[in-house]
Amino acid sequence: MGGEPARFESVYQETYGRITAYAARRCDSPQDAADVVAETFAIAWRRIGEVPEGERALLWLYGVARKVLANHYRVEGRRQALSVELDAELADLYQAAPDSGVELAAIAQIFRALPDNDRELLSLVAWEGLDREQIATVLGLSRNAVRIRLHRARRRFARALAEADVHVTSESRLVPAQEGRL
Amino acid sequence: MRNIDDIDGITRALARVEPGRPGGDPSGAGARALLAAITGERPAQPERPEQAAITGERLAQPERSEQATITGERPEQPERSGQPAPSDARRRPRRRPARRPVRRLVLGLAGAGLLAAGIAVGPGLLEEGGTPSYAVTREPGGVVYVQIRDFRDKEGLARRLAELNVPAIVDYAPPGKWCREPRGTLVEDIPRGLYSPPENIPGERPGPGWQMRIDTRLFRPGQTFVWTISERATTTYLMSGPVAPCVLVPDTTHDLKVVESDYRIATRKGGSLAGFRVDEKTVGEVLPEIERRGLKVEYLIMQVAPDNPGGYGELRTQTEPVGDDWIVWEAEEPARGPGRIRLLVTDKRFDRNPVYGGPRDAVIQE
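Procedures and definitions
Residues numbered from 1 in each chain as written. Chains lettered and ligands numbered in written order. Predicted model: local features only at pLDDT ≥ 70, side-chain atom pairs only at ≥ 80, totals over all residues. Heavy atoms only, no water. Helix = DSSP H or I, 4+ residues; strand = E, 2+ residues; numbered from the N terminus. Buried < 20%, exposed > 50% of the residue type's maximum accessible area, 1.4 Å probe, protein only. Contact = heavy atoms within 4.5 Å. Areas by Shrake-Rupley, 256 points an atom, 1.4 Å probe, with all protein chains shown as cover. Polar contact = N/O pair within 3.5 Å; in protein donor to acceptor, adjacent residues only side chain to side chain. Disulfide = S-S within 2.5 Å. Pairing = 2+ DSSP bridges. Salt bridge = Lys/Arg side-chain N within 4 Å of Asp/Glu carboxyl O. Phe/Tyr/Trp six-rings, centres within 6.5 Å; stacked < 30°, edge-to-face > 60°. Lys NZ or Arg CZ within 6 Å of the ring centre and 35° of its normal. Core = buried A, V, L, I, M, F, W, Y, C linked by side-chain atoms within 4.5 Å. Domains from an automatic or database assignment. pLDDT = per-residue confidence, 0-100. Patch = residues over 30% accessible without salt bridge, like charges linked within 9 Å, V, L, I, M, F, W, Y side chains within 5 Å. Lys, Arg positive; Asp, Glu negative; His and termini not counted. Charge placed at Lys NZ, Arg CZ, Asp CG, Glu CD.

In terms of helices and strands, chain A carries nine helices and zero strands. Reading the helices (α) and strands (β) of chain A from amino to carboxyl end gives α-α-α-α-α-α-α-α-α. Within chain A, the proportion of its 182 residues that are buried is 53%. Considering only contacts within chain A whose residues lie at least 6 apart along the sequence, 73% involve residues at least 24 apart. A total accessible area of about 8,300 Å² is found for chain A, and carbon and sulfur atoms account for 49% of it.

Written out as structure tokens, the structure is:
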């Protein structure tokens, strides 16, 4: 019996940074993000026997977090994760907001208007730095399906940007120096 | 149309947390608190319906049982190491456990020189017109001090607590009323040091006001402080999960907790134990005298905050004997109908008498 808590703890240590980032990138408030993180790991704890080994543990958790996020709803006056510290830590991430220039805000708005599935595909590539095979695992799709859907998502996003007449004048400004692509 | 790299680059720029960077730090306080909260619970048996929900199908709503786990409740489930559960029990989706009718006064107050089962406050709370009705201050480390002088400004207090991230619900009960209980699930396992029993406000003479120390770092996800405050009594419950709103119902039990009309010190002049001091003796030392005087005995098990700031909470009152080596801090008896002695006891010795915040002689001179 000693093995499962230890295993969970090591998975937690390994993935906490990335799951918090995942949640913070997708939630509008640190409180929501804290809820998603708490709920995701609570599910992992309860299903530790199903969590795959190695790198796939993270992909499994992304998959859970995505479902949690999709089903996340707030009952007024009630929070899943009432942890002051967790809120505070995640709130720090929200203060360090990405460039909030007018142009980027416009792009963000267009991005938010994309279909959920498009957004998630684009995000998993650009934010979590996953490759197609990893995305296929997270989303429970075939690799080919990911390839096709990703292509379409990119096209839709590009078209929406063009329609909104958003000009990205300086690519270098928009692309963070730190490259996370695979 | 832009090429793929453009699109991915634009998307990357939108990330709140820069790609490649972690969000939180697993060794941070938030991460550790969450880990402790989650692993404080037993892992559940895998269950078919829930598994299906996770591996493919959409959930219309989060399952109740899942919420129960996350909010800190312990779902009733078979012991993993124990007898295997009947298979039908395993298959049934778990529901929130039935609310336990346990009602526990988590904290009472005895300010210095004041003996009380509940928080005892007398009239005259509006005397100090110049002082603010409450004060909530926060130290950098996350410790919050709450001082309450007027029990009617619940909105102000609740707002201030919310500002400081203290998950609290505050209700005011007017005379003769109380919130219908139970309102939620009580937390059985209260972290040590989460909050202190109320004590006198430093620098003020003992009065109706009190102060309490709360370490906000020790709250676990889903926990809420539920305060019901009135001129006569205050209850402080730590609850997990949803808390029902206060529905005022007629109530007199909390009125009875006003000290003077309920219990009095038995060792003072005129008391059943007059002339016999019990404070700071062991139970074994005082029982023979109580028996000799033909009195019955019961025990109020005191809860003392870690740093023994003065004051105590009431864990429970029982007639079952406690150990002879337990420490007695005072003896009380009902103001009406003496003949029964209630010993205020702890299972270990403290450096000073929690009932009086120091030696009894400093408070009671006879």
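Another aspect to go through is the overall build of chain B. Of regular secondary structure, chain B possesses eight helices and 15 strands. Each of the 366 residues in chain B was classed as buried or not, and the buried ones make up 52%. In chain B, of all internal contacts separated by at least 6 residues, the share reaching a separation of at least 24 is 66%. Just so you have it, chain B exposes about 16,800 Å², and 50% of that area is on carbon and sulfur atoms.

Residue and element names in this part refer to chain B. Positionally, Arg340 belongs in strand E15 (residues 340–346). A relative accessible area of 33% means that Arg340 is categorised as partly exposed. In sequence terms Arg340 and Val297 are 43 residues apart; their C-alpha atoms lie 5.6 Å from each other. With residues up to four places along the chain from it excluded, the contact list for Arg340 reads Tyr263, Lys296, Glu298, Glu332, Glu333 and Pro334. At 2.9 Å, the side chain of Arg340 forms a polar contact with the side chain of Glu298.

On to the state of the cysteines. Residue and element names in this part refer to chain B. The final tally for this structure, using the stated rule, is one disulfide over all chains. At a sulfur-sulfur separation of 2.0 Å, the disulfide partner of Cys179 is Cys246. Between Cys179 and Cys246, the disulfide has an S-S torsion of -95° and is therefore left-handed. A residue pair is termed long-range when its members are at least 10 positions apart, and Cys179 in strand E4 (residues 177–179) and Cys246 in the loop between strand E8 (234–240) and strand E9 (248–250) qualify at 67 residues. Owing to a relative accessible area of 2%, Cys179 belongs among the buried residues under this scheme. On the basis of relative accessibility, which here comes to 22%, the residue Cys246 falls in the partly exposed class.

Before going further, it helps to spend a moment on the pairing of E15(B). Residue and element names in this part refer to chain B. Within E15, six of the seven residues are buried, which leaves the element mostly enclosed by the surrounding structure. Relative to E15, strand E12 (residues 296–303) runs parallel, the two being bridged by six bridges. Opposite Leu300, over in E15, you have Leu344 as the bridge partner. Pairing of strand E14 (residues 327–334) with E15 involves five bridges; the strand directions are antiparallel. Residue Glu330 lies in a different strand from E15, and its bridge partner there is Leu344. Turn length for the E14-E15 hairpin, with the two strands adjacent in sequence and antiparallel, is five residues, and the turn residue Gly337 shows positive phi of about 75°.

Let us look at the pattern of salt bridges. Residue and element names in this part refer to chain A. Taken as a whole, this structure holds 19 salt bridges over all chains when the rule is applied. Between Glu133 and Arg143 there is a salt bridge, and its shortest N-O distance comes to 3.9 Å. Of this pair, Glu133 sits in helix H7 (residues 132–139) while Arg143 sits in helix H8 (residues 143–163), and the two are 10 residues apart along the sequence. Salt bridges linked by common partners bring Arg25, Arg26, Glu120 and Glu128 together as one network.

In this section: the packing of aromatic side chains. According to the stated counting rule, one finds 11 aromatic pairs over all chains in the structure shown. Residue placement shows Arg26(A) over the ring face of Tyr22(A); its charged tip is 3.7 Å from the ring centre.

Quick look at the nonpolar core now. Of all hydrophobic cores here, the largest spans 69 residues; its most connected members are Phe8(A), Phe41(A), Phe157(A) and Leu34(B). Here this core gets 10 residues from one element, more than from any other, and that element is helix H2 (residues 30–46) of chain A. Two domains share this core, each providing at least three of its residues, namely domain 1 (1–97) and domain 2 (98–182) of chain A. Setting aside its immediate chain neighbours within four residues, Phe157(A) contacts Ile107(A), Ile110(A), Phe111(A), Leu114(A), Leu122(A), Ile7(B), Ile10(B), Thr11(B) and Leu14(B). Listed in part, the 21 residues of the second largest apolar core include Val144(B), Leu157(B), Tyr195(B) and Trp210(B).

Any residue range with low pLDDT should be treated as having predicted coordinates unsuitable for detailed reading. Residues and elements named next belong to chain B. Here chain B shows a mean pLDDT of 68. Residues at 70 or above account for 65%. Helix H4 (residues 64–70) is the least confidently modelled element of chain B, averaging 28 in pLDDT, while strand E11 (residues 281–282) averages 95, the highest of any element. Ignoring residues within four places in sequence, the model shows residues 255–261, a span with pLDDT below 50, making 15 contacts including any to other chains. Two numbers describe this predicted complex: its pTM, 0.42, and its ipTM, 0.82.

On to the confidence of the model for chain A, then. Residue and element names in this part refer to chain A. Taken over all residues, the pLDDT of chain A has a mean of 79, while the share at 70 or more is 79%. This stretch, residues 74–78, has a pLDDT under 50; its non-local contacts, to residues over four places away or in other chains, come to nine contacts. Under a pLDDT of 50 for its full length, residues 169–182 has, in the predicted model, 27 contacts with residues more than four places off or in other chains.

Within helix H6 (residues 116–126) of chain A, eight of the 11 residues are buried, which leaves it mostly tucked inside the rest of the structure. If you check which residues of H6(A) are buried, you get Asp118(A), Glu120(A), Leu121(A), Leu122(A), Ser123(A), Leu124(A), Val125(A) and Ala126(A).

Glancing now at unusual backbone geometry. Residue and element names in this part refer to chain B. With a phi angle near 70°, Glu280 is a residue other than glycine that sits in the positive phi range. Within the secondary structure layout, Glu280 lies in the loop between strand E10 (263–265) and E11. Judged by its relative accessible area of 33%, Glu280 is partly exposed.

Moving on: a positive patch on the surface. Residue and element names in this part refer to chain A. A contiguous patch of positive charge, built from Arg149, Arg152, Arg155 and Arg159, is present on the exposed surface. Structurally, the position occupied by Arg159 is in helix H8. By relative accessible area, Arg159 is classed as partly exposed at 44%.

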